[in-house]
Amino acid sequence: MNDQPQQPSEGWAPRDPDSASDTPGKASKTAPDTARDTGPDKAPTASAASGGSGGPGGSGETQEVPVASDGTPDDPGDPADAQDGTTKTKKAKKTKRPKRTGWKRLIPTWRMVLGTFVGVILLIVGVFALGYYLVQIPSANATAIKQSNVYLYADGSQLARDGEVNRENVDLSQISKDAQHAVLAAEDRDFYTESAVDPKAMLRAGWNTATGKGKQSGSTITQQYVKNYYLAQEQTVTRKVKEFFISIKLDREKSKDDILEGYLNTSYFGRNAYGIQAAAQAYYGVDAKSLTAGQGAYLAALLNAPSEYDVVAHPENKPAALARWNYVLDGMVKKKWISESDRAGVKFPAPKETVVAAGMSGQRGYIVKAVNDYLADNKILSEDALNAGGYRITTTLQKPKQDAFVKAVDDQVMDELDKKDRKVDNYVRAGGASIDPKTGKVLAMYGGIDYTKQYYNNATRRDYQVGSIFKPFVFTSAVQNDSVTQDGRTITPNTVYDGTNKRPVQGWDGGTYAPENEDQVSYGQIPVRTATDKSVNSVYAQMAVDVGSAKVEKTAVALGVPADTPDLNASPSIALGTATASVLDMTEAYATLANHGRHGTYTMIEKVTKDGSEDVKLPDEKTEQAVSRESADTTTSILQSVVEGGTGTAAKAAGRPVAGKTGTAEDDKAAWFAGYTPNLATVVAVMGQDPDTGAHKSLYGALGQARINGGGYPAQIWAQYTKAALKGVAVKDFDLKLQDGADEQELPPPDSDEDATTGTDGGTTGDGGTTTGGEETPATEGQDNGGTTGDGGTTDTGGTTTGGGGTTTDGGTTGTGGTTTGGGGTTTDGGTTGTGGPTNGGGTTDGGTTTEGTDGSTGTTFGDFP
């Protein structure tokens, strides 16, 4: 054993390899170790009792635990202490780091920095995960999905736009590529390759804004779309946080094309235009699919400052707008969306001076209301669907014809009103509609002077009596049903009826009915054609009974008059037009007559799409033979006579073959003209209404005229419109197939003199022999000398001149109205002389010689009817 003490500074010395036990797996202690540990200058390192036995040296010994030089116990299990399978005592432990004092305590250690960084990262990840989980993609906000409905003329030009929000959504495919690229160049050039959010752009925008380089959002197109479509526009932290998370989610759920489409449909471009389709119309009057690179670049520039960059509203800002426009085009070149040469050729496209009106003024409101009613009534679109908007509705109306109708009404009526000096002129209203007989398409409509001033659509309202324009339906029904008179004669254009004023109808079991003729005129025996020319109430009331009132009603409905028309009742009065059908209803019915009896329900709609692409199904077009061709065509033939020589002669100014009928409502509250050519059916009405109370008013004295009748202003409007509407269209004659016997003449019944009364000085006239021409007879028409009877001869069955006064030589002069004065000549069965239009035919009957009238036509006497 080595007796030399170990120096304290030496610590633990390396174990001598030679002192190791020769026995594998065992270790031996050296004497110096023991002496050192138990020396007088040292405290024992450690001792342990082992159940009364010592360590390996024997029982009762105290086992020494190795200690390091600093006094701490060594770890016997330290692998460093083991060598060649033997256990060694541990080397001295590292020196304990001294505590930091002073300013060094303020500097974080690298462990603190790392821990803080990791903690922040974990916090951010946690917050992100929580936000992503909690923030859901909401439903679109109400403003974003609210659209207007767009109404177009048949040629695709815009007619009107309804709704408070001027927006029309379209598919991305309906937006020109140039316009798409322009918006990308202006707002987000890397849209298709970047993520939903761009932190660098957000930081850059914040820096630029803070340093005064201009306010920038730093938002991607996805973020802007989220703001427009899902959120509000307020600048709050909450909104920005929601925008951030929704954008990320949306980018995972929708394609880039879908997001770009949504963005283009929701962005605001100024001029109350939301979405690029509305903007294209507002600034350039074109659809988005037609936008050029220059136009698209200007619209894209507007996104940055919609109000400021409108060079029409703010010409002083044009330099700034041009700078932004050039920036957009340069970006398109940079992204290779257009070539340098194409870019050089792009000129600044000045926007329109005027904005497309979105209101309902003028005719727009009337048309939109009529179209919407049509869609709802035919169950094409519900009112709720229309209110939601987004529909593009192409109507059948043709703009040139629409403009021509407005001009005709203005020229003939509205410009002639004197509302200051004539109070009644304030009551004047007008309505009109025009239909293509072959297709049933409404080509034009006049609803009133202005929808914002006169709300009611005069073309569709059903509260004015249609008057005598209903009478042709009675005759059509007579031919359709092979009807006969009370005495068994087939009803044809030449069937003779008693036209006596207030003549009680025969064969009616519903009580006495004796209608008045216009102005209390009596016509005596008169053929149907002439009774139609003069619109004789007594004749047509009797005809309605002969046909059967129920059959007349059925025929009218088949022609196009709605079955639920107010006051459309099966009674003799049906013939006088007591029903209150609308102008449009009557136009449809007359169009059926023009189409040889084939009826197709009118339509105002050519096409309807949803969001610019999805077609809405329209009802199948159905036509049917409502009445026989003979019925319709024979009616047309007698309506031609009304225009040629009856109450509708003003319609001849159209310069075409015309069939038509005049009508006047009770107390002159409405005057009508319904007529057609082979290719256009039109009805016009002039109505009286108090602008304050809405009450119907008589039009006596309106426009400075004693009476307002159908042969006056309505026929004049009709003629001017029709002439303009058919300008350039070849003149076409009616191709008619008449009923059997329509050309055969008929003598009056032999007992037609039983109601005769004695005239002045022995002259006998038929009941009410004095006439003033019947309903609405133009004062300038007729003959001055309709026929001469020599030497007071007796006219047994003739003597009736339709179209002028006749002179009876030496037997008294029959003036206007056929009153016999002085002489003793006897006129049997109708010394009736009308003052209406010219008559055709002529001839001598029993000594009564007829001569030509002043207009070159020949007087007509019974026995030789036209």
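Please refer to the structure higher up on the page.
Criteria and thresholds
Residue positions are counted from 1 within each chain, in the order its sequence is given. Given that the model is predicted, a residue must reach a pLDDT of at least 70 before its local features are reported, and side-chain atom pairs must reach 80 or more before they are shown or counted; all residues, however, enter totals for whole chains, interfaces and linings. Side-chain numbers come from the whole structure's heavy atoms, not from hydrogens or water. Strands are runs of DSSP state E lasting at least 2 residues, helices are runs of H or I lasting at least 4, and numbering of each runs from the N terminus. Any residue under 20% of the maximum accessible area for its type is buried, any over 50% is exposed, and the rest in between are partly exposed; the area is computed with a 1.4 Å probe on protein chains only. Residue contacts are counted whenever heavy atoms from the two residues lie within 4.5 Å of one another. Each accessible area value is a Shrake-Rupley result obtained with a 1.4 Å probe; residue values ignore everything except the protein chains displayed when judging cover. Any two strands with at least two DSSP bridges between them are considered paired. Axis angles are defined between N-to-C directions and span 0 to 180 degrees, where every axis is a line fitted to C-alpha atoms and, for a helix, only to the segment in contact. A pair of Phe, Tyr and Trp rings is counted when the ring centres sit within 6.5 Å of each other, with Trp represented by its six-membered ring. The angle between the planes then sorts it: under 30 degrees is stacked, over 60 is edge-to-face, the rest tilted. Any N or O atom pair separated by 3.5 Å or less is treated as a polar contact, with the protein-specific requirement of one donor-capable and one acceptor-capable atom, and with residues adjacent in sequence counted only for side-chain atom pairs. In the sections that follow, a salt bridge refers to a side-chain nitrogen of Lys or Arg positioned within 4 Å of a carboxyl oxygen of Asp or Glu. Among the buried residues, those of types Ala, Val, Leu, Ile, Met, Phe, Trp, Tyr and Cys that are joined through side-chain atoms within 4.5 Å form a nonpolar core. Any angle that is under 35 degrees is reported as roughly parallel, and any over 145 degrees as roughly antiparallel; angles of 65 to 115 degrees are reported as roughly perpendicular and all others as oblique. For any pair of crossing helices, the crossing counts as left-handed if the nearer helix is rotated counterclockwise from the farther one by less than a right angle, and right-handed if it is rotated clockwise. Here the term charged refers only to Asp, Glu, Lys and Arg, the term nonpolar to Ala, Val, Leu, Ile, Met, Phe, Trp, Tyr, Cys and Pro, and the term polar to all other amino acids, Gly among them.

Draft legend 1. Local environment of the overall build of the protein chain. In terms of regular secondary structure, the protein chain is built from 22 helices and 23 strands. For the protein chain, the proportion of its 866 residues judged to be buried stands at 50%. Long-range pairs, those at least 24 residues apart, make up 68% of the contacts in the protein chain between residues at least 6 apart in sequence. For the protein chain, the computed accessible surface area is about 40,300 Å², with 50% contributed by carbon and sulfur atoms.

Draft legend 2. Representation of helix α10 (residues 293–302) within the structure. The buried fraction of α10 is high, at 10 of 10 residues. Taken as a whole, α10 has its buried residues at Ala-293, Gly-294, Gln-295, Gly-296, Ala-297, Tyr-298, Leu-299, Ala-300, Ala-301 and Leu-302. Those residues of α10 that are buried are in contact with α4 (177–187), α9 (276–284) and α11 (318–334).

Draft legend 3. View of the sheet that holds strand β14 (residues 659–664). Judged by pairing direction, the sheet is antiparallel, and its 5 strands sit side by side in the order β7-β6-β16-β15-β14 without closing on themselves. If you trace the sheet from one side to the other, it starts and ends with β7 (442–446) and β14, each paired once. Within this sheet the neighbouring strands show an average axis-to-axis angle of 5°, counted without direction. Contacts from helix α22 (residues 713–725) reach β6 (428–435), β7, β15 (670–677) and β16 (680–688) within the one sheet, and its direction differs from that of β16 by about 145°.

Draft legend 4. Molecular detail of the pairing of strand β11 (residues 605–610). With 5 bridges connecting them, strand β5 (residues 391–395) and β11 associate as antiparallel partners. Within β11, the position partnered with Thr-394 by the bridge is Lys-607.

Draft legend 5. Representation of the packing of aromatic side chains in the model. Within the structure shown, the criterion is met by 15 aromatic pairs. Geometrically, the ring pair formed by Trp-325 and Phe-348 is edge-to-face, given 5.3 Å between the ring centres and 90° between the ring planes. Taken as a pair, Trp-325 in helix α11 and Phe-348 in the loop between α12 (340–345) and α13 (364–377) lie far apart in primary sequence, 23 residues in all. Overall, Trp-325 belongs to the buried group, its relative accessible area being 5%. Between Phe-673 and Trp-718, the aromatic rings sit 5.4 Å apart at their centres with planes inclined by 70°, giving edge-to-face as the arrangement. On the criterion of sequence distance, the pair formed by Phe-673 in strand β15 and Trp-718 in helix α22 is long-range, its members being 45 residues apart. For Phe-673, a relative accessible area of 0% puts it in the buried group.

Draft legend 6. Here's a closer look at the side chain of Arg-392. Of note, Arg-392 is situated in strand β5. What makes Arg-392 buried here is its relative accessible area of 15%. A polar contact is formed between the side chain of Arg-392 and the side chain of Glu-168, at a distance of 2.5 Å. Here Asp-287 takes part through its side chain, which lies 3.0 Å from a polar atom of the side chain of Arg-392. With residues near it in sequence (within four places) discarded, Arg-392 still touches Val-150, Leu-152, Glu-168, Gln-277, Asp-287, Lys-607, Val-608 and Thr-609.

Draft legend 7. Quick peek at the pattern of salt bridges. For the structure shown, the criterion picks out 24 salt bridges. Note that Lys-335 and Asp-190 form a salt bridge whose closest N and O atoms lie 3.2 Å from each other. Residue Lys-335 is located in the loop between α11 and α12, and its partner Asp-190 is located in the loop between α4 and α5 (199–210); the two are separated by 145 residues in the primary sequence. The exposure class assigned to Asp-190 is partly exposed, which follows from its relative accessible area of 39%.

Draft legend 8. Quick peek at the nonpolar core. By size, the foremost hydrophobic cluster in this structure holds 89 residues, and its most contacted members are Phe-473, Met-586 and Trp-672. No other element matches the 8 residues that helix α20 (residues 583–594) contributes to this core. In this view, Phe-473 contacts Thr-555, Ala-556, Leu-559, Val-561, Met-586, Ala-589, Tyr-590 and Leu-593; residues no more than four positions away in its chain are not counted.

Draft legend 9. Region of interest: the pairing of β5. Of all 5 residues that make up β5, 5 are buried, and the element is covered over most of its length. Across 3 bridges, the pairing between strand β3 (residues 150–152) and β5 is parallel. By the bridge assignment, Tyr-151 is partnered in β5 with Ile-393.

Draft legend 10. Structural context of the sheet that holds strand β4 (residues 158–161). Judged by pairing direction, the sheet is mixed, and its 5 strands sit side by side in the order β4-β3-β5-β11-β12 without closing on themselves. Where the open sheet ends on each side, the last strands, each with one partner, are β4 and β12 (614–615). Summarising the sheet, β3 and β4 pair through 3 bridges and their orientation is antiparallel. Considered in β4, the bridge of Tyr-151 is made with Ala-160.

Draft legend 11. Quick look at unusual backbone geometry. Here Asp-482, not a glycine, exhibits a phi torsion of approximately 50°, which is positive. Mapping Asp-482 onto the fold places it in the loop between α16 (471–480) and β8 (496–498). Among the residues examined, Asp-482 registers a relative accessible area of 64% and is labelled exposed.

Draft legend 12. Structural context of the packing of helix α6 (residues 221–229) against helix α8 (residues 256–266). Two numbers describe how α6 lies on α8: the axes approach to 9 Å, and their chain directions differ by 50°. As judged from the angle between their axes, α6 and α8 are oblique. Pair α6 / α8 crosses with left-handed handedness. Counting all contacts with α6, which are made through Ile-221, Thr-222, Gln-224, Tyr-225, Asn-228 and Tyr-229, the residues of α8 involved are Lys-256, Ile-259, Leu-260, Gly-262, Tyr-263 and Thr-266.

Draft legend 13. Structural view of the packing of α16 against helix α21 (residues 629–645). Interhelical geometry of α16 versus α21 gives an angle of 140° and a closest axis separation of 8 Å. With respect to α21, the axis of α16 lies oblique. As α16 packs across α21, the resulting crossing turns out to be right-handed. Residues Pro-472, Phe-475, Thr-476, Val-479 and Gln-480 of α16 lie in contact with α21, whose contacting residues are Glu-630, Ser-631, Thr-634, Thr-635, Ile-638 and Leu-639. Split into classes, the residues belonging to the contact of α16 with α21 amount to 5 nonpolar, 5 polar and 1 charged.

Draft legend 14. Representation of the side chain of Gln-224 in the model. Relative to the elements of secondary structure, Gln-224 occurs in helix α6. The exposure class assigned to Gln-224 is buried, which follows from its relative accessible area of 13%. There is a polar contact of 3.1 Å between the side chain of Gln-224 and the side chain of Tyr-263. For Gln-224, the residues in contact, after removing those within four places along its chain, are Glu-187, Ser-219 and Tyr-263.

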